[in-house]
Amino acid sequence: MHPVDEVPPARHLLAFGLQHVLAMYAGAVAVPLIVGGAMKLPPADLAYLITADLLVCGIATLIQCIGFWRFGVRLPIMQGCTFAAVSPMVLIGTTGGGLPAIYGSVIVAGLAIVLLAPVFGKLLRFFPPLVTGTVILIIGVSLLPVAGNWAAGGAGSPDFGEPKNLALAAFVLAVVLAVQRFAPPFLGRVAVLTGMAVGLAVAVPFGFTDFAGVGDADWLGISTPFHFGAPTFEASAIISMLVVALVTMTETTGDFIAVGEMTGRKVEPRSLSDGLRADGLSTVLGGVFNTFPYTAFAQNVGLVGMTRVRSRWVVAAAGGILVLLGLLPKLGAVVATIPAPVLGGAGLVMFGTVAASGLRTLAEVDFRGNHNLTVVAVSVAVGVLPVGVPTVYEKFPDWFQTVMNSGISAGCLTAIVLNLLFNHLPARGGSAAEPGGLPGGGVEESVEKSREEAV
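About the thresholds
- Residues numbered from 1 in each chain as written.
- Predicted model: local features only at pLDDT ≥ 70, side-chain atom pairs only at ≥ 80, totals over all residues.
- Heavy atoms only, no water.
- Helix = DSSP H or I, 4+ residues; strand = E, 2+ residues; numbered from the N terminus.
- Contact = heavy atoms within 4.5 Å.
- Areas by Shrake-Rupley, 256 points an atom, 1.4 Å probe, with all protein chains shown as cover.
- Phe/Tyr/Trp six-rings, centres within 6.5 Å; stacked < 30°, edge-to-face > 60°.
- Buried < 20%, exposed > 50% of the residue type's maximum accessible area, 1.4 Å probe, protein only.
- Axes fitted to C-alpha atoms, helices over the stretch in contact; angles between N-to-C directions.
- Parallel < 35°, antiparallel > 145°, perpendicular 65-115°, else oblique.
- Left-handed = near helix turned anticlockwise from the far one by under 90°.
- Nonpolar A, V, L, I, M, F, W, Y, C, P; charged D, E, K, R; others polar.
- pLDDT = per-residue confidence, 0-100.
- 1 Å grid on protein atoms, 1.4 Å probe; cavity = no way out; pocket = protein on both sides within 12 Å on 5 of 7 lines; lining within 4 Å.
- Points joined across faces, edges and corners; volume = space filled by probe spheres on them.
- Expected span 1.5 Å × (residues − 1).
- Salt bridge = Lys/Arg side-chain N within 4 Å of Asp/Glu carboxyl O.
- Core = buried A, V, L, I, M, F, W, Y, C linked by side-chain atoms within 4.5 Å.
- Patch = residues over 30% accessible without salt bridge, like charges linked within 9 Å, V, L, I, M, F, W, Y side chains within 5 Å.

The next subject is the overall build of the chain. Of the regular secondary structure elements, the chain holds 19 helices and 2 strands. Put simply, of all contacts in the chain between residues at least 6 apart along the chain, 83% involve residues at least 24 apart. Summed over its atoms, the accessible surface of the chain is roughly 18800 Å², and 68% of this surface lies on carbon and sulfur atoms.

A few words now on the packing of aromatic side chains. Taken as a whole and judged by the stated rule, the model has 7 aromatic pairs. For the pair Trp69 and Phe71, a centre-to-centre distance of 6.1 Å together with 45° between the ring planes defines the contact as tilted. Judged by its relative accessible area of 13%, Phe71 is buried. An angle of 75° between the planes, with centres 5.5 Å apart, marks the rings of Tyr393 and Phe400 as edge-to-face. These aromatic residues form a ring-pair network of at least three members: Phe68, Trp69 and Phe71.

It is worth spelling out the packing of helix H4 (residues 98-121) against helix H10 (residues 235-263) at this point. Between two packed helices, the angle of one axis relative to the other and the distance separating the axes together describe the packing. For the pair H4 and H10, interaxial distance at closest approach is 8 Å and the crossing angle is 45°. As summarised for this structure, H4 and H10 are arranged oblique, according to the angle between their axes. Between H4 and H10 lies a crossing of right-handed hand. Every residue of H10 that contacts H4 at Ala101, Ser105, Val106, Val108, Ala109, Ala112, Ile113, Leu116, Ala117 and Phe120 is listed here: Ala237, Ile238, Met241, Leu242, Ala245, Leu246, Thr248, Met249, Thr250 and Thr253. When the residues that make up the contact of H4 with H10 are grouped by side-chain class, the tally is 16 nonpolar, 4 polar and no charged.

The phi dihedral of Arg74 falls on the positive side, at around 60°, and the residue is not glycine. Relative to the helices and strands, Arg74 resides in the loop between helix H2 (43-66) and strand E1 (79-81). Backbone geometry places Phe226, a non-glycine residue, at a positive phi of 55°. Residue Phe226 is classed as partly exposed on the basis of its relative accessible area of 35%.

As a further point, take the confidence of the model for the chain. Averaged over every residue, the pLDDT of the chain is 80; residues scoring 70 or more account for 89%. For the chain, per-element mean pLDDT is lowest for helix H19 (residues 443-454), which scores 42, and highest for helix H11 (residues 269-288), which scores 92. Across residues 430-455 the pLDDT falls below 50, and counting only partners more than four positions away or on other chains, this stretch makes 36 contacts in the model.

What follows concerns the layout of surface pockets. Considering only enclosed or pocket space, the second largest pocket measures out at about 320 Å³ in volume. Residue lining of the second largest pocket: 19 residues in total, with Leu124, Phe127, Glu261, Lys266 and Val267 positioned closest to the centre. Looking at the lining of the second largest pocket, the elements that each hand over two or more residues are helix H5 (129-151) and H10. The element best represented in the lining of the second largest pocket is H10, accounting for 4 residues. Classifying every residue of the lining of the second largest pocket by side-chain character gives 8 nonpolar, 5 polar and 6 charged.

A few words on helix H16 (residues 372-388). With 17 residues, H16 extends 24 Å between its outermost C-alpha atoms, agreeing within 8% with the 24 Å of an ideal straight helix rising 1.5 Å per residue. For H16, the complete set of buried residues consists of Asn372, Val375, Val376, Ser379, Gly383 and Pro386.

A separate point is the pattern of salt bridges. Within the structure shown, the criterion is met by 5 salt bridges. In this structure, Arg70 and Asp274 form a salt bridge, with 2.7 Å as the shortest nitrogen-oxygen distance. A residue pair is termed long-range when its members are at least 10 positions apart, and Arg70 in the loop between H2 and E1 and Asp274 in helix H11 qualify at 204 residues. A relative accessible area of 21% means that Arg70 is categorised as partly exposed. Asp274 is the partner of Arg277 in a salt bridge, and the nearest nitrogen-oxygen pair spans 3.0 Å. One end of the pair, Arg277, and the other, Asp274, are both in helix H11, 3 residues apart, so they sit about a helical turn from each other. Connected via shared salt-bridge partners are Asp5, Arg265 and Arg312.

Quick look at the nonpolar core now. With 111 residues, the main nonpolar core has Val35, Met89, Ile102, Met196, Phe256, Phe292 and Leu322 as its most contacted residues. At 12 residues, the largest contribution of residues to this core is made by helix H1 (residues 10-38). Once residues within four sequence positions are removed from consideration, Phe256 is found in contact with Gln64, Val73, Leu75, Ile77, Val267, Leu272, Gly275, Leu276 and Ala296. Counting residues in each nonpolar core, the second largest holds 8 residues, with Leu130, Leu137, Leu362 and Val375 among its members.

This next bit is on a nonpolar patch on the surface. A surface patch of nonpolar side chains, amounting to about 230 Å² of accessible area, comprises Leu116, Val119 and Leu246. Position of Leu116 among the secondary structure elements: in helix H4.

Let us look at the packing of H5 against H10. Between H5 and H10, the least distance of the axes is 9 Å, while the angle of their chain directions is 100°. Here H5 is positioned roughly perpendicular relative to H10, judged by the angle of their axes. Residues Thr132, Val135, Ile136 and Ile139 of H5 lie in contact with H10, whose contacting residues are Gly254, Asp255, Ile257, Ala258 and Glu261. In the contact of H5 with H10, the residues fall into 5 nonpolar, 2 polar and 2 charged.

It is worth spelling out the environment of Gly388 at this point. Of note, Gly388 is situated in helix H16. With relative accessibility at 58%, the residue Gly388 sits in the exposed group. Once the C-alpha coordinates of Gly388 and Gly407 are considered, the two residues, 19 residues apart in sequence, prove to be 9.6 Å apart.

What follows is the structure in structure tokens.
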């Protein structure tokens, strides 16, 4: 049995699954908080958006990991709301359309993803190691500022950058590393969970946590379809969300390939189409159950690489935990008490692991006598640009910002285009590209071609 399909013992499933939930929880609730806050929704509606989001996050993760028929990539992939949709949704919601217009555009975008999934599946041959390694590297580098903001106390917090926040994050990082190095194998695989638990235990007496929200949360909460009214379908809203759909499909493709590399189960065109189709179905469910577009969560890609736990059933268990959190708001409120610096200390390891995995993939690529180094250099530069300078594209049209403000999608598109330019188009004089720049982009293709020429 492939490690991806192995089912660990129940106690391991729970521990590994909880680790994935804690790694993605802050990012999962951020989108409803941002959108709801921009629309000035009352606290009760904000709480409803969060519980609905957690519920659909869990369902989407179960669909992606377990799969049914032609839905689900069947890899350890966590699902969450995409940040690429935040700006368009805030614009739709605050210019008169409200939540019904957002949900109408989300439903249409989800259906479009389902229909376009087979087309994207056929594009997999344009993702050789040269492109995939570059994309994985960009994913990791793009996520590091998120961990940095957490470590400093959380963007917008009044004590942002206080030494005590960074000290707590450094302590959690030290615990994670110590557990990985010195603990028994099982504890080493839950190093992130252990580090966060120890960090939380230290944070409580020092006043980092606030449990007021736990007492106010309800014990039971069920999201009903179209709670905020029947969806409306406005052309401008639908067009902007279709652009978001293309961006998220590109990002998700990169995440699938990254996890495929880490788990040893290569993503094929069919499985890519099935995974994207599951994304589309989850997005439709999001529009029906009062939440937002869904995509693979890059935060958890690093956790898979770091812990080397490759079972998709572990992440399916995490999906089950998210469903419970969505149905039991009080449990969700308990998880929400984890301070941002604790998340930041663990995030530095996880997101750095993603970047390191990209470098490992690029180690397979032949950089001699070709332009592959240029492809990597320019793609990483374009991908990191909006991360380092968030306002660089603020004077451009909204659709352009939607695509390029995401470092992952910007870098991915750049890598694909440059690989086509340098390695697929005929060189001057009609000669083929250098062997290292062939669609495979790796040493193996060069060796194979040399053998054929010798024969």
